[in-house]
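Results of the structural survey
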Amino acid sequence: MRENCWKEIFEAIPFACLVLEPQECNAFMMVEANTAYLELLGRSREDLLGKDSREIFSSNVNLSEYGPDSFFATLEKVVKLGEKEEVNDLRYDVENKVTGELEERYFSSQNFPIKNEAGKVEVILHCAGEVTAENKRKKRDKEIEEELSLSRQQFKNFIRSNPDGLYRLDMEGNFLHVNESLAMMAGLPAEELINSNFINFCTPHDQDLVIEHFERSRQGKVTSFEAEFLSATGNLVALKILLMPMFLEGSVAEVHGIAKDITQLKHSEKVIMEKSRFLEVNAAFVSSLLEKEINQEALQQTFGVIAETVEVDRMYYFEANSDPETGEILISQKVEWCSEKTIPQIDNKELQNMPIKKVQEITGPLVKNLPFTAILDELAPGELREIFIEQQIKSMLLLPVFVGDSLTGFVGFDDCTYQRIWKEEEITFLKSLTQNLTNAFERNAALKKAKQSEEELKLSEQKFRALVQEGADLIGILDINGYYSFVSENYKKILGLDPQELIGKNAQFFIHPEDWPRVKKQFYQLKDQKQVKISPFRFKDKNNDYRWVQTTATNLLKDSAVKGIVANSRDITTVIEQAREIEHINERYQLAATATQDLIYDWDLVKNKVTRFHRGPQELFGYSAEAVDQYDFWRNNVHPEDKQGEKKKLATAISNPNEDFIKTEYRFRKADGTYARVVDRGYIIRDYTGKAIRLIGATSDISEITTKREALKIANKRFKMAMKATNEMIWDWEIEKDSVTRSKGYKKIFGYDATQATTVHSFWLKKVVDEDREKVQRSLAYAVNNIEVKKWKLEYRFIKADGTIAHIIDRGYILRDSNGKATRMVGAVLDVTNSRRLLQKVQKQNKVLKEIAWEQSHVVRAPLARIKGLLHLLEEELFEEMSKKEILFHMKESANELDDIIRNIVEKTEKINVEAR
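First things first, this report covers the structure right here in the doc. (Residues numbered from 1 in each chain as written. Predicted model: local features only at pLDDT ≥ 70, side-chain atom pairs only at ≥ 80, totals over all residues. Heavy atoms only, no water.)

**Description of the overall build of the protein chain**
Secondary structure assignment for the protein chain yields 31 helices and 33 strands. Per-residue burial for the protein chain yields a buried fraction of 39% across its 917 residues. Within the protein chain, counting contacts between residues at least 6 apart in sequence, those at least 24 apart form 47% of the total. Per element, the accessible surface of the protein chain, about 54,800 Å² overall, is 52% carbon and sulfur. (Helix = DSSP H or I, 4+ residues; strand = E, 2+ residues; numbered from the N terminus. Buried < 20%, exposed > 50% of the residue type's maximum accessible area, 1.4 Å probe, protein only. Contact = heavy atoms within 4.5 Å. Areas by Shrake-Rupley, 256 points an atom, 1.4 Å probe, with all protein chains shown as cover.)

**Some points on a nonpolar patch on the surface**
Together, Y813, L815 and V826 make up a nonpolar patch on the protein surface, roughly 230 Å² of accessible area in all. Look at L815 and you get partly exposed, because its relative accessible area is 33%. (Patch = residues over 30% accessible without salt bridge, like charges linked within 9 Å, V, L, I, M, F, W, Y side chains within 5 Å. Salt bridge = Lys/Arg side-chain N within 4 Å of Asp/Glu carboxyl O.)

**Section: helix α9 (residues 207–218)**
Its 12 residues give α9 an end-to-end C-alpha distance of 17 Å, which sits within 8% of 16 Å, the value for a rise of 1.5 Å per residue. Every buried residue belonging to α9 is among V210, H213, F214 and S217, and all of these are buried. Considered in projection along α9, the buried side chains sweep an arc of 105° and stay on one side of the axis. Positive backbone phi, approximately 95°, marks G220, located one or two places after α9. (Expected span 1.5 Å × (residues − 1). Arc of directions from axis to C-beta.)

**Some details on the side chain of T699**
On the secondary structure map, T699 appears in strand β28 (residues 692–701). Looking at T699, its side chain comes within polar contact range of the side chain of D680, at 3.4 Å. Aside from chain neighbours lying at most four places away, what touches T699 is D598, L599, Y601, W634, Y666, V678, V679 and D680. (Polar contact = N/O pair within 3.5 Å; in protein donor to acceptor, adjacent residues only side chain to side chain.)

**Notes on helix α13 (residues 383–390)**
By the burial criterion, the buried members of α13 are L384, I387 and F388. One face of α13 carries all of its buried residues, which in axial projection span an arc of 100°. Exposed side of α13, more than 90 degrees from the buried face: I389 and E390 are the residues found there. For α13, the secondary structure elements touched by its buried residues are α12 (360–367), β16 (372–375) and β17 (395–403). Q392 sits one or two residues past α13 and shows a positive phi near 60°.

**Comments concerning the pairing of β28**
Remember that side chains alternate between the two faces of the sheet whenever the strand is regular. Relative to β28, strand β24 (residues 599–604) runs antiparallel, the two sharing six bridges. Each bridged residue has a counterpart across the sheet, and for L599 the counterpart in β28 is T699. Sheet analysis places strand β27 (residues 675–686) next to β28, joined by nine bridges and oriented antiparallel. Of the residues in β28, the one forming a bridge with I685 is R694. Counted between consecutive antiparallel strands, the loop separating β27 from β28 contains five residues, among which G690 sits at a positive phi close to 95°. (Pairing = 2+ DSSP bridges.)

**Quick look at empty space enclosed by the protein**
According to the stated counting rule, one finds seven cavities of 30 Å³ or more in the structure shown. Here the largest cavity is characterised by a volume of approximately 260 Å³. Contributing elements (two or more residues each) for the lining of the largest cavity: β8 (165–169), α7 (180–186), α9, β10 (223–230) and β11 (236–248). A total of four residues in the lining of the largest cavity trace back to one element, the largest contributor, which is β11. Of the residues contributing to the lining of the largest cavity, the split by class is 19 nonpolar, one polar and no charged. (1 Å grid on protein atoms, 1.4 Å probe; cavity = no way out; pocket = protein on both sides within 12 Å on 5 of 7 lines; lining within 4 Å. Points joined across faces, edges and corners; volume = space filled by probe spheres on them. Nonpolar A, V, L, I, M, F, W, Y, C, P; charged D, E, K, R; others polar.)

**Overview of the sheet that holds strand β19 (residues 473–478)**
Ordered in space as β20-β19-β23-β22-β21, the five strands form an open sheet in which the pairing is antiparallel. Each of the sheet's edge strands pairs with one partner strand only, and the pair in question is β20 (484–487) and β21 (531–540). Going from strand to strand, the sheet's axes swing by 25° on average, the running direction of each strand aside. Alignment of β21 against strand β22 (residues 546–556), held across eight bridges, turns out to be antiparallel. By the bridge assignment, F539 is partnered in β22 with R547. (Axes fitted to C-alpha atoms, helices over the stretch in contact; angles between N-to-C directions.)

**Focus: the sheet that holds strand β30 (residues 739–742)**
Within the open sheet, the five strands sit side by side as β30-β29-β33-β32-β31. Their pairing is antiparallel. Looking at which strands have only one partner, the edges of the open sheet turn out to be β30 and β31 (791–799). Direction aside, neighbouring strands of the sheet carry axes that sit 25° apart on average. One ladder, built from seven bridges, connects strand β29 (residues 728–734) with strand β33 (residues 822–831); its direction is antiparallel. Across the sheet, residue I730 finds its bridge partner in β33, namely A828. Contacts from helix α28 (residues 770–785) reach β29, β31, β32 (805–816) and β33, with the element oriented near 160° to β31.

**Re the state of the cysteines**
Evaluation of the coordinates by the stated rule reveals zero disulfides. The structure places no disulfide on C17, whose sulfur is separated from the nearest cysteine sulfur, that of C127, by 3.4 Å. For C127, a relative accessible area of 6% gives the class buried. (Disulfide = S-S within 2.5 Å.)

**Description of the environment of E122**
For E122, the location among the structural elements is in strand β7 (residues 121–130). Separated by 101 residues in sequence, E122 and E21 place their C-alpha atoms 6.5 Å apart. For E122, the contacting residues outside a window of four places in its chain are E21, P22, I114, K115 and N116.

**Description of the packing of aromatic side chains**
As enumerated under the stated definition, the model contains 15 aromatic pairs in all. Ring centres 6.1 Å apart and planes at 85° place the aromatic pair F750 and W764 in the edge-to-face group. In this pair, F750 sits in helix α26 (residues 745–750) while W764 sits in helix α27 (residues 760–764), placing the two residues 14 residues apart along the sequence. One aromatic cluster is present, built from ring pairs that chain together Y623, F633, W634 and F668. The ring of Y524 carries K527 above its face, with NZ or CZ at 4.7 Å from the centroid. Here K540 stacks its cationic end above the ring of F509, 4.9 Å away from the centre of that ring. (Phe/Tyr/Trp six-rings, centres within 6.5 Å; stacked < 30°, edge-to-face > 60°. Lys NZ or Arg CZ within 6 Å of the ring centre and 35° of its normal.)

**Description of the side chain of K800**
Tracing the backbone through its elements, the reader meets K800 in the loop between β31 and β32. For the buried K800, which has no salt bridge, the nearest side chain bearing the opposite charge is D831, at an N-O separation of 4.2 Å. For K800, the contacting residues outside a window of four places in its chain are I749, F750, Y752, A806 and D831. (Lys, Arg positive; Asp, Glu negative; His and termini not counted.)

**What about the pattern of salt bridges?**
Scanning all chains against the criterion turns up 35 salt bridges. The salt bridge involving E426 is made with R420; its shortest N-O contact spans 2.9 Å. Here R778 ties to E774 by a salt bridge, and the two come within 3.5 Å at their closest N and O atoms. Taken together, the residues span about one helical turn, with R778 and E774 both in helix α28 at a distance of four residues. Note on accessibility: R778 and E774 belong to one class, exposed. Through salt bridges with shared partners, a single network forms among R91, D93, E104 and K139.

**Overview of the environment of F198**
Relative to the helices and strands, F198 resides in the loop between α8 (190–193) and α9. Residue F198 is classed as buried on the basis of its relative accessible area of 10%. In this structure the C-alpha to C-alpha distance between F198 and V210, which are 12 residues apart in sequence, comes to 9.2 Å. In this structure F198 touches L169, G173, F175, V210 and F214, once residues within four positions along its chain are discounted.

**Section: unusual backbone geometry**
With phi around 60°, N369 is a residue other than glycine that occupies positive phi space. For N369, the position within the fold is in the loop between α12 and β16. N369 sits in the partly exposed class, given a relative accessible area of 44%. A positive phi angle, close to 65°, is found at N544, a residue other than glycine.

**Re the environment of E104**
Of note, E104 is situated in the loop between β5 (102–103) and β6 (106–115). Using a relative accessible area of 26% as the deciding quantity, one classes E104 as partly exposed. Taking the C-alpha atoms as reference points, E104 and V94, 10 residues apart in sequence, are found 6.9 Å from one another. Among the polar contacts made by the side chain of E104, one reaches the side chain of Y106 at a distance of 2.4 Å.

Written out as structure tokens, the structure is:
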């Protein structure tokens, strides 16, 4: 009955089910499986029924925790407790029938005990459902969450521990987020840095550069640059910046950036440049020693270069000799270079033949071949301290010069400005220079010794070979035609040439063709001279490359032991190349100064030392080059009235850490006593604290510009006054554009607006009276097109803004290009309307006056003549023809007629006066 019951239930269940029957030893046999279960596992009934479940659900040896183990424990619990048990997300790997490999699968199940009448569990109904997809999704979600959490933690650690500054900016340049590294660079806590703007940290000289690159990133471009920034604590830091735009929905929403501190790198580059400068000076020093004989003039010139490089005020050489009687060491100053502000000591007699033990402090180190250093404040009272005070020395460095085992002298360096603590690298550099000097002294000593041994060399060629074959000099013996009979062994070591390759050949074969004519000419001077120094020339080596050599040739043709010309040569290729490089550098500096046509200066504000570069000072102010290079040259020639103000401007600019540029204008005295007007522009270089350390600038003579500017002001003033006084309108016609600009008189005289330029053809000619227009066009065209015409003038009528007609006289001056083409015409228009009206009135009045004159000369004379005739008759009492009464009657008639004529003349005259008014 029960069996039929559970079977019916089993068949009715729509999902995968399996019936398990408990066996001994906790085994479970499969007694039934529905179709859904078989499909779920991909098995047949024959594969499952009657089999032990442990045989079917086998363990996976590759997994420490596996589903079937928990499944069997659940079945045992169901049998023991007789209650339903559920199992979720159990892993059971099912074999793929195609590949034969196990596939990872997950199942959830419910296990129902089915008991017999005695209450014992007879079978277990196992209902299973696959949850592989859900379980893998949850597992994947968990893995993704763990990976995301790890990435977040790594990102936070990356930002927190990154030595570079990381930050986010909004579109206005305000900080949205910063890491600790950036906060340390800015000198502010991160929370205070948020919402502040990057502009607050820009140095004035780099602010425009930073803004330009920020604008590029706002436009969607990745950009990188280097600039200097000022922290909140006042530290100057050099940063390499990378800016990256961050897009949101196609538009830049933020700018992310990385800042790398390269301050130390920049400092290192500066140190490298300084060391390079030391090397250049060293090369120049070596070159000078090689090219010139060691004498006071050569050493003084070289000392100047060295002293300026290491920035000292005095450099000198003391020679040490033993007193022939007492044997004590005496020192004498032989060479000295000193700056302009330092008092020379070369003529100080106390420094000649002075016992070295007089200054005991220096004796110990120098005789032990060790450097000696001292500063004024640390010296005990004594001879050396008195020397310091007398010679205004603040700091001293002495380096011994040894030849062999003997102290032959020492080189000294005095700083008269600062109590200087000498750096190790400075001492090392100067020791190397001193060593070069020592080598030069040794070379001189060797040359002296070689000269002393010259007689011995004549006696034995073998001894001669032994002496020179390992030396630095190339020695050869030639006949007067230049053929080698002997060369030293070191030709092979230095030039790679075996001596046998030269013997019997002419020197011309090895000398560069361009140098041979000069060398030949100098060589042939040995016919008349004992010794000739041949200027450097190029000599071919084993690889057919040319090396520069310097040769001294001695004529020993009459010496029976030599019978030839001895040529002592030295390879100076390196020296020549270094000298040329230095020459090119100086030439570039000189060309830069020449191109500016200004006086360029470099002022070391710390040491108060000025170096000036100038193309030709006599062309600028009339002073010699020596005068311009004097330290006080500039200060002594600034106009007394300008000097105090200029000093104040300079002091203000230098003391302001935010100021990096200064421009002033003042008067400067020229060599002839007159004053030039100059403009001075300077760029201030500051250290990381903002302290001014250098001022580099240029001074330009603007006297001519100033004079022209003043003259132009006066001319403009006069022109404006003339414009006010005249009744003319000035115009400027650009012929190619047909554009005319007119003065304010245009509005005043003609009533038209003069604020905008108008054309000649579209406006002006249209206002010309119709009867005169063609005449104006024809006259103007002729003047413009005829290259011989420079001036144009015409009188015509013009319609004013109020409709009245103005009589004008128009005049213009024509400007032409190199081909004679008219490009511009400047002129003036004069309104002569009133004068023309007055002329008409005068002409009318002249007509009336002519009529009056005619009446006076003809009409008036007739009655007047009759009156005179009648008066004559009365005077003569001639009454034959007319009586006295008749004569009086005719006289009265003539008088009345004359009165009418005079009245008529008066009326015409009054009419003229009225019309004139």
